[in-house]
Amino acid sequence: MMKKRSLYILLFNSLLFGLMLGAGINEALFVMPTWFKAPPTSLLLIQERSSSAMSFWIPLQMAVLGTLISSLVLNWRSPTRRMLIAGALGAYALVWVATGAYFAPEIMSLSSLAAQGPYDAGLAARGHKWLQLSWGRHAVLAFGWVLVGTAISKWEAAS
């Protein structure tokens, strides 16, 4: 039963990881570019969306973290799966560090600027830089998701 539970938690983690990655890419392609289209006015879109975004992203992030840690604990006896899941957890932690160090403070700074005045090319450049660098987070998360998928494939082979 414990072996099946370790697989189910790992599968659920993969599902959540994929949801998080897909939602992030969707936002990067279709939502976030509008934020920086005509700053400072367009920056209001960040503020308008922040409450609903937080109610989506925070529980999802906590669920991914919880299932990653649970998967690591439940698969601890398998060195291969343990290493893969630990790698995914490391990738996830790296994204959190980058978000806390740059992405969250920068987007909060941009969204708090006065939304009046003419188009500001400097703000647009800051926003586009933020958006371009954000693709790095998606790449790291995709790598973590692949590690989780690889751990799932090793479950079958080892069981």
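Scroll up to find the structure.
Notes on the structure follow. (Residues numbered from 1 in each chain as written. Predicted model: local features only at pLDDT ≥ 70, side-chain atom pairs only at ≥ 80, totals over all residues. Heavy atoms only, no water.)

## Focus: the layout of surface pockets
- In this structure, the largest pocket spans a volume of roughly 900 Å³.
- Around the largest pocket, the lining is made up of 28 residues, and of these Trp-57, Thr-99, Ala-104, Ile-107 and Arg-137 lie nearest the centre.
- At 10 residues, the largest contribution of residues to the lining of the largest pocket is made by helix H3 (residues 79-111).
- Taken together, the residues of the lining of the largest pocket break down into 18 nonpolar, 7 polar and 3 charged. (1 Å grid on protein atoms, 1.4 Å probe; cavity = no way out; pocket = protein on both sides within 12 Å on 5 of 7 lines; lining within 4 Å. Points joined across faces, edges and corners; volume = space filled by probe spheres on them. Helix = DSSP H or I, 4+ residues; strand = E, 2+ residues; numbered from the N terminus. Nonpolar A, V, L, I, M, F, W, Y, C, P; charged D, E, K, R; others polar.)

## A closer look at helix H2 (residues 44-74)
- For H2, built from 31 residues, the straight-helix expectation of 45 Å at 1.5 Å per residue is met to within 8% by its first-to-last C-alpha distance of 44 Å.
- The sharpest bend along H2 reaches about 50° and sits at Ser-50.
- Where H2 is concerned, the buried positions are Ile-46, Ala-53, Trp-57, Leu-60, Gln-61, Val-64, Thr-67, Leu-68, Ser-71 and Leu-72. (Expected span 1.5 Å × (residues − 1). Bend = angle between axes of the 7 residues up to and from the residue. Buried < 20%, exposed > 50% of the residue type's maximum accessible area, 1.4 Å probe, protein only.)

## Concerning the pattern of salt bridges
- With the rule as written, the count across this model stands at 2 salt bridges.
- Where Arg-49 meets Glu-27, a salt bridge forms, and the shortest distance between an N and an O atom there is 2.6 Å. Of this pair, Arg-49 sits in helix H2 while Glu-27 sits in helix H1 (residues 2-35), placing them 22 residues apart in sequence.
- For Glu-27, a relative accessible area of 8% puts it in the buried group.
- With its nearest N and O atoms 2.7 Å apart, the salt bridge here joins Arg-126 to Glu-106. Linking Arg-126 in helix H4 (residues 121-158) with Glu-106 in helix H3, this pair joins segments that are 20 residues apart in sequence.
- Residue classification places Arg-126 among the partly exposed residues on the basis of a relative accessible area of 29%. (Salt bridge = Lys/Arg side-chain N within 4 Å of Asp/Glu carboxyl O.)

## A few points about the packing of H2 against H3
- Remark: H2 packs on H3, axes separated minimally by 11 Å, with the N-to-C direction vectors making an angle of 160°. In terms of axis orientation, H2 runs roughly antiparallel to H3. Judged by the sense of rotation from one axis to the other, the crossing of H2 with H3 is left-handed. Here H2 contributes Ile-46, Gln-47, Gln-61, Met-62, Val-64, Leu-65, Leu-68, Ile-69, Ser-71 and Leu-72 to the contact with H3, which in turn contributes Arg-82, Ile-85, Ala-86, Ala-88, Leu-89, Tyr-92, Trp-96, Ile-107 and Ser-111. (Axes fitted to C-alpha atoms, helices over the stretch in contact; angles between N-to-C directions. Parallel < 35°, antiparallel > 145°, perpendicular 65-115°, else oblique. Left-handed = near helix turned anticlockwise from the far one by under 90°. Contact = heavy atoms within 4.5 Å.)

Function-wise, these values are silent; they only describe arrangement.
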